[in-house]
Protein chains: 2
Amino acid sequence: MGRGSSVLTRENGPQPADFADVRATNLAVVLRHLRTHAPCSRADIAATTGLNKATVSSLVTDLIDRRLVREVGMTENRIGRPAVMLVLDGSPYAAVGLEINSDYLTAVALDLAGERLLSWRRAFSGTAGQPGQAIAALAALARRTVSKLSHDGRRVLGLTVAVPGLVDADGVVELAAGLGWQRVDVRKSLLAALGEPGYPLLVENDANLAVLAEQRLGAQNGTGDLVYLTGGASIGAGIISDFRLLRGARGFAGEFGHLPLDPAGPVCGCGRRGCLEAYAGVGAVIRRALPDVGIETALSPSEFGPHMDEIQRLAKADDAHVLDALTETGAHLGHGIAILANLINPACVVLGGYFTDLAPWLIPSAARELAARSAAADSGGTVIVTSALDSSAAAAGGATRVLDAIDSGALPTPR
Amino acid sequence: MGRGSSVLTRENGPQPADFADVRATNLAVVLRHLRTHAPCSRADIAATTGLNKATVSSLVTDLIDRRLVREVGMTENRIGRPAVMLVLDGSPYAAVGLEINSDYLTAVALDLAGERLLSWRRAFSGTAGQPGQAIAALAALARRTVSKLSHDGRRVLGLTVAVPGLVDADGVVELAAGLGWQRVDVRKSLLAALGEPGYPLLVENDANLAVLAEQRLGAQNGTGDLVYLTGGASIGAGIISDFRLLRGARGFAGEFGHLPLDPAGPVCGCGRRGCLEAYAGVGAVIRRALPDVGIETALSPSEFGPHMDEIQRLAKADDAHVLDALTETGAHLGHGIAILANLINPACVVLGGYFTDLAPWLIPSAARELAARSAAADSGGTVIVTSALDSSAAAAGGATRVLDAIDSGALPTPR
């Protein structure tokens, strides 16, 4: 993900290559080929990648030594000699993602093939604005996760923490309104709390990680231009453009919740008027759909879940007021999505978080609004879909981020 | 610019490399090093790129054979032996960009070092909505340009046409409201009109090309995250994110002029209400600053220039009404820029087109509005600046697009 540090990167063009680079590149190519196509033979890999057979054999031996690949026996399901088939191994490894949000902590661990090893969630009250306490809770969860994985004989290749807020390139959280944080160096504090663990530790915006998970593990596997919208206490956008995460110059891209929809609109938590969040955030949805609930009072995030469940129940029962409320909410969401679509033209916008469960009632009006407001015909090809991942998308994305680093050539060394 | 076509590109990760690829990559690396650092010696190149000296010598010989590089004599301005210095040659080559707009046609040719070989502009009335006539005019300009360059002994390496509208990946203009075009296959028609010329011909959105020019030739040289705003009959955004042009799934990204600022705002040419263009487009600026001019009548693009000159003259004379009008225009522009900045967090937004001349009076209020509406402190680092290029930015960008292809390794073959 990092930008090249060479003096030659001005246009992100070709970088100097030498034979060591070629080997590292090709190791990663074979690994990624196996991720997509396993089981397959050495000859299959050679045929598809264009690498010669001797090179493939040598690369596969290296990957077997690193315990990233293993042989699974012979196949005869082809013309010619039976061939030894290869699959991803990775049994000694795990990639970990944690998510902190205003009402919960989540941990997800994946193996190298993206299969889930564990998925934990615990209630957490992060709204007190005490970063120290939150760091301690994150560190405890990280230790427990790593300990469980170690007990199962797995080595942790990296850990990424998802935070709902603006995160700069060094892992400093500039602002996380839902957590009451400003300028918290999460990465440094967590490294200290964990006593400098041996694995790489990163901190990243939750929407950025969720969109990585959606691309690798979700239904949008293979889409190069997509957006994930977190539907939580705040609404963030994770943007992948042309197969790469769009972070922006300081890492602050994807601030979607405060898109201004109407200068005469309702007051938002940020103090401005008419932000998208004030129309389509969780609080606004609850106030609109369940007017008897806390219309005058601020809701705490721990109260969101039961209310959203109630809204879903009423929608399924065709409650006319709730259906109208969701249609209206979807239209506001579609208004915001149209702005995003006109500016960056994604193939797909994935509704996540609390939106996931309500998506069947939100998407029709959102899609209508998107079509009406798109400069290009046919909404410029942008479709709105529901996340296929559960609410652990951001934590799964944290683990995905670790796998992405490995797929980019940062292979674990043999031990 | 194209996406990799390999089956392995799912995550845009490493591609298979073989020794031929290594050589092509390294040729491009040396060429790009020379573009930035020339004059320099073979030893300098080896030291900076990490390539070994024998490899550099062989690569340089190849580049000299292709007449992309030449030797310029010895230097003794260093410790040790005098070294032969190298510079970009490219004297037998030219890259061409054309721009079509509602009131003019432009041609720019650059040599390989980005120096301007010619810059032509002619009045043109493209508003008649007759694409055939416009294609004929473009073809005539292309022929005249290529003929002039051939006469000077240069071979055209490629030609790119800039169009103010939505352009898909195949060079089909989906929509160009200012020209009255819908679904015009400009690339195919122009190839036919030119009798299948021997050079690559591309069609691209004008803002996309202008931002390439700004990054390579303008003051933003080296910035990886920037946006260029065309200020013409329409307002488009060209977006470079992490050193790459952001096109979107169908190539329709950067539709900036129709950002909805206020649902109760003035009616826009697109039929919607409150679009940015209805507040800050050229027509709106003229109506606001020169209320006696055509406030009730639609202006034709050919009338814009003199009115904009008059506004600039009055602003320089501190005319209070015009200064207020420009302050208000800048605030609307800043409102739109804030939306862009919150979503994609560029380091820099460059005002181009007609905005360039008025920028001193637009930028202060635009920057205030950007700061007030940014989620991140300090506007997320985004600054608003004036284009250092003249109004031929998009055509220069067309030629830049050709140079980018060469820098990415599509080197001309020796003849």
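Quantities reported herein were computed from a predicted structural model and do not represent experimental measurements.

### Digging into the overall build of chain A
Stage number 1. Across its full length, chain A carries 12 helices and 16 strands.
Stage number 2. By the compact-globule yardstick of 22 Å for 415 residues, chain A fits well, its C-alpha radius of gyration being 23 Å.
Stage number 3. The principal-axis extent of the C-alpha atoms belonging to chain A is close to 70 × 50 × 50 Å.
Stage number 4. Out of the 415 residues belonging to chain A, those deemed buried represent 59%.
Stage number 5. Here the analysis covers contacts within chain A between residues at least 6 apart in sequence; of these, 62% occur between residues at least 24 apart.
Stage number 6. Approximately 16,000 Å² of chain A is accessible, and the part contributed by carbon and sulfur atoms is 51%.
Stage number 7. Each charge class in chain A can be summarised by its mean position, and for the 37 positive and 42 negative side chains these summaries are 7 Å apart.

### Observations concerning the packing of helix α8 (residues 282-289) of chain B against helix α10 (residues 320-344) of chain B
Residue and element names in this part refer to chain B.
Stage number 1. Contact pair α8 / α10: the axes reach a minimum separation of 9 Å and the direction vectors enclose 150°. Of the two possible hands of crossing, α8 and α10 adopt the one that is right-handed. Contact residues: Val 285, Arg 288 and Ala 289 in α8; His 321, Val 322, Ala 325, Leu 326, Glu 328, Thr 329 and His 332 in α10.
Stage number 2. For the contact of α8 with α10, the per-class residue count stands at 5 nonpolar, 3 polar and 2 charged.

### Describing the packing of aromatic side chains
We describe a pair of aromatic rings using the distance from one ring centre to the other and the angle between the two ring planes.
Stage number 1. In total, this model carries 2 aromatic pairs over all chains according to the counting rule given.
Stage number 2. Judged by centre distance (6.2 Å) and plane angle (90°), the ring pair of Phe 304 of chain A and Tyr 354 of chain A falls under edge-to-face. Taken together, the residues Phe 304 of chain A in helix α9 (residues 301-316) and Tyr 354 of chain A in the loop between β15 (348-351) and α11 (355-373) connect sequence positions 50 residues apart. For the pair formed by Phe 304 of chain A and Tyr 354 of chain A, the shared burial category is buried.
Stage number 3. One cation-aromatic arrangement involves Arg 121 of chain B over Tyr 104 of chain B; the distance from NZ or CZ to the ring centre is 3.8 Å.

### A word on the interface of chain B and chain A
Stage number 1. Between chain B and chain A, the contact holds 74 residues from the first and 73 residues from the second.
Stage number 2. Summed over both partners, the interface of chain B with chain A comes to about 6,400 Å²; 57% of that surface belongs to carbon and sulfur atoms.
Stage number 3. The interface formed by chain B and chain A holds 3 salt bridges in total.
Stage number 4. Asp 378 of chain A is paired through a salt bridge with Arg 250 of chain B; the nearest N and O atoms lie 3.3 Å apart.
Stage number 5. Our count for the chain B to chain A interface comes out at 22 residue pairs in polar contact (both at pLDDT 80 or more).
Stage number 6. Mapped onto the side of chain B that touches chain A, the elements with two or more residues apiece are α1 (19-37), α2 (42-49), α6 (206-217), β13 (237-241), α10, α11 (355-373) and α12 (393-407) of chain B.
Stage number 7. It is α1 of chain B that contributes the most residues to the side of chain B that touches chain A, 10 residues altogether.

### Observations concerning unusual backbone geometry
All names here are of chain A.
Stage number 1. For the bond running from Ala 38 to Pro 39, omega is 0°, close enough to zero to count as cis.
Stage number 2. Phi at Asp 378 takes a positive value of approximately 60°, unusual for a residue other than glycine.
Stage number 3. Here Asp 378 is to be found in the loop between α11 and β16 (383-386).

### Section: the environment of Trp 120 of chain B
Residues and elements named next belong to chain B.
Stage number 1. Locating Trp 120 in the fold gives a position in strand β6 (residues 116-123).
Stage number 2. Taking the C-alpha atoms as reference points, Trp 120 and Thr 327, separated by 207 residues in sequence, lie 33 Å from one another.
Stage number 3. Every residue in contact with Trp 120, bar those within four places of it in the chain, is listed here: Leu 105, Thr 106, Ala 107, Leu 141, Arg 144, Thr 145 and Lys 148.

### Considerations on the confidence of the model for chain A
Stage number 1. On average, residues of chain A carry a pLDDT of 88, and 90% of them reach 70 or more.
Stage number 2. Under a pLDDT of 50 for its full length, residues 1-13 of chain A has, in the predicted model, 42 contacts with residues more than four places off or in other chains.

### Observations regarding the sheet that holds strand β12 (residues 226-229) of chain B
All names here are of chain B.
Stage number 1. One open sheet accounts for 5 strands, arranged β14-β13-β12-β15-β16; its pairing is mixed. With one partner strand each, in any of the chains shown, β14 (244-245) and β16 (383-386) form the two edges of the open sheet.
Stage number 2. Pairing analysis gives 4 bridges linking β12 to β13, with the strands arranged antiparallel. What sits directly across from Val 227, in β13, is Ile 239.

### A look at the sheet that holds strand β14 (residues 244-245) of chain A
Residues and elements named next belong to chain A.
Stage number 1. The sheet built from 5 strands is open, its strands ordered β14-β13-β12-β15-β16 with mixed pairing. Two strands lie at the open edges of the sheet, namely β14 and β16, each paired on one side alone.
Stage number 2. Along the sheet face, helix α10 (residues 320-344) touches β12 (226-229), β13 (237-241), β15 and β16 and points at about 150° away from the line of β12.

### Some words on the UniProt feature "domain: HTH marR-type" (unreviewed entry) in chain A
Stage number 1. When the UniProt feature table is mapped onto this chain numbering, "domain: HTH marR-type" (unreviewed entry) sits at residues 30-70 of chain A.
Stage number 2. Secondary structure across residues 30-70 of chain A comprises 71% helix and 10% strand; the distance between its end C-alpha atoms is 13 Å.

### Side note on the relation of the copies chain B and chain A
Stage number 1. Of the transformation placing chain B onto chain A, the axial shift is 0.1 Å and the rotation is 180°, giving an RMSD of 0.1 Å. Expressed as a symmetry operation, the mapping of one chain copy onto the other fits a two-fold axis. Among all residues of chain B, the minimum C-alpha distance to the rotation axis is found for Asp 262 of chain B, at 2.7 Å.

### Some words on the pattern of salt bridges
Stage number 1. Enumeration according to the criterion identifies 28 salt bridges over all chains in this entry.
Stage number 2. The partner of Glu 369 of chain A in a salt bridge is Arg 373 of chain A, with the nearest N and O atoms 2.9 Å apart. Within this pair, Glu 369 of chain A and its partner Arg 373 of chain A are both found in helix α11, separated by 4 residues, close to a single helical turn.
Stage number 3. Here Arg 66 of chain B ties to Asp 62 of chain B by a salt bridge, and the two come within 2.8 Å at their closest N and O atoms. The same class applies to Arg 66 of chain B and to Asp 62 of chain B, which are both buried.

### Brief notes about empty space enclosed by the protein
Stage number 1. Inspection of every chain in the model, using the stated rule, returns 7 cavities of 30 Å³ or more.
Stage number 2. In this structure, the largest cavity encloses a volume near 100 Å³.
Stage number 3. Contributing elements (two or more residues each) for the lining of the largest cavity: β14 of chain A together with β14 of chain B.
Stage number 4. Of the residues contributing to the lining of the largest cavity, the split by class is 4 nonpolar, 2 polar and 6 charged.

### Observations concerning the pairing of strand β11 (residues 201-205) of chain A
Residue and element names in this part refer to chain A.
Stage number 1. A large share of β11 lies buried, amounting to 4 of its 5 residues.
Stage number 2. When strand β7 (residues 155-163) meets β11, the two strands line up parallel, connected through 5 bridges. In the sheet register, Ala 162 faces β11, and the bridge partner there is Glu 204.

### Topic: the domain arrangement of chain A
Residue and element names in this part refer to chain A.
Stage number 1. According to the domain assignment, chain A consists of domain 1 (17-88), domain 2 (93-212 + 394-407) and domain 3 (219-388).
Stage number 2. If you look at the interface, domain 1 gives 8 residues, while domain 2 gives 6 residues.
Stage number 3. Approximately 620 Å² of surface area, both sides summed, lies buried where domain 1 meets domain 2, with 55% of it carried by carbon and sulfur atoms.
Stage number 4. Put simply, domain 1 and domain 2 have 1 salt bridge between them.
Stage number 5. Each residue belonging to the side of domain 1 that touches domain 2 can be placed in one class, and the counts come to 4 nonpolar, no polar and 4 charged.

### Considerations on the nonpolar core
Stage number 1. One finds Leu 229, Phe 256 and Ile 311 of chain A together with Leu 229, Phe 256 and Ile 311 of chain B to be the most contacted residues of the largest nonpolar core, which totals 91 residues.
Stage number 2. Apart from residues lying up to four places away in sequence, Leu 229 of chain B is in contact with Gly 236, Ala 237, Phe 256, Leu 333, Ile 337, Leu 340, Val 349, Val 350, Leu 351, Gly 352 and Phe 355 of chain B.

### Here we look at helix α5 (residues 186-193) of chain A
Along an α-helix, a turn takes 3.6 residues, which lines up residues three or four apart on a common side.
All names here are of chain A.
Stage number 1. Among the residues making up α5, those that are buried are Val 186, Leu 190 and Leu 191. For α5, the arc enclosing every buried residue in end-on projection is 125°, short of the 170-degree limit, so these residues lie on one face. For α5, exposure combined with an orientation more than 90 degrees from the buried face picks out Lys 188 and Ala 192.
Stage number 2. Summarising the contacts, the buried residues of α5 are in contact with α4 (131-151), β7, β9 (172-176), β10 (181-185) and β11.

Conventions adopted
- Residues numbered from 1 in each chain as written.
- Chains lettered and ligands numbered in written order.
- Predicted model: local features only at pLDDT ≥ 70, side-chain atom pairs only at ≥ 80, totals over all residues.
- Heavy atoms only, no water.
- Helix = DSSP H or I, 4+ residues; strand = E, 2+ residues; numbered from the N terminus.
- Rg over C-alpha atoms; globule rule 2.2 N^0.38 Å.
- Buried < 20%, exposed > 50% of the residue type's maximum accessible area, 1.4 Å probe, protein only.
- Contact = heavy atoms within 4.5 Å.
- Areas by Shrake-Rupley, 256 points an atom, 1.4 Å probe, with all protein chains shown as cover.
- Lys, Arg positive; Asp, Glu negative; His and termini not counted.
- Charge placed at Lys NZ, Arg CZ, Asp CG, Glu CD.
- Axes fitted to C-alpha atoms, helices over the stretch in contact; angles between N-to-C directions.
- Left-handed = near helix turned anticlockwise from the far one by under 90°.
- Nonpolar A, V, L, I, M, F, W, Y, C, P; charged D, E, K, R; others polar.
- Phe/Tyr/Trp six-rings, centres within 6.5 Å; stacked < 30°, edge-to-face > 60°.
- Lys NZ or Arg CZ within 6 Å of the ring centre and 35° of its normal.
- Buried area = accessible area lost by both parts, 1.4 Å probe.
- Salt bridge = Lys/Arg side-chain N within 4 Å of Asp/Glu carboxyl O.
- Polar contact = N/O pair within 3.5 Å; in protein donor to acceptor, adjacent residues only side chain to side chain.
- pLDDT = per-residue confidence, 0-100.
- Pairing = 2+ DSSP bridges.
- UniProt positions renumbered as here; feature names shortened; annotations may be inferred.
- Least-squares fit on C-alpha atoms with pLDDT ≥ 70 in both.
- 1 Å grid on protein atoms, 1.4 Å probe; cavity = no way out; pocket = protein on both sides within 12 Å on 5 of 7 lines; lining within 4 Å.
- Points joined across faces, edges and corners; volume = space filled by probe spheres on them.
- Domains from an automatic or database assignment.
- Core = buried A, V, L, I, M, F, W, Y, C linked by side-chain atoms within 4.5 Å.
- Arc of directions from axis to C-beta.

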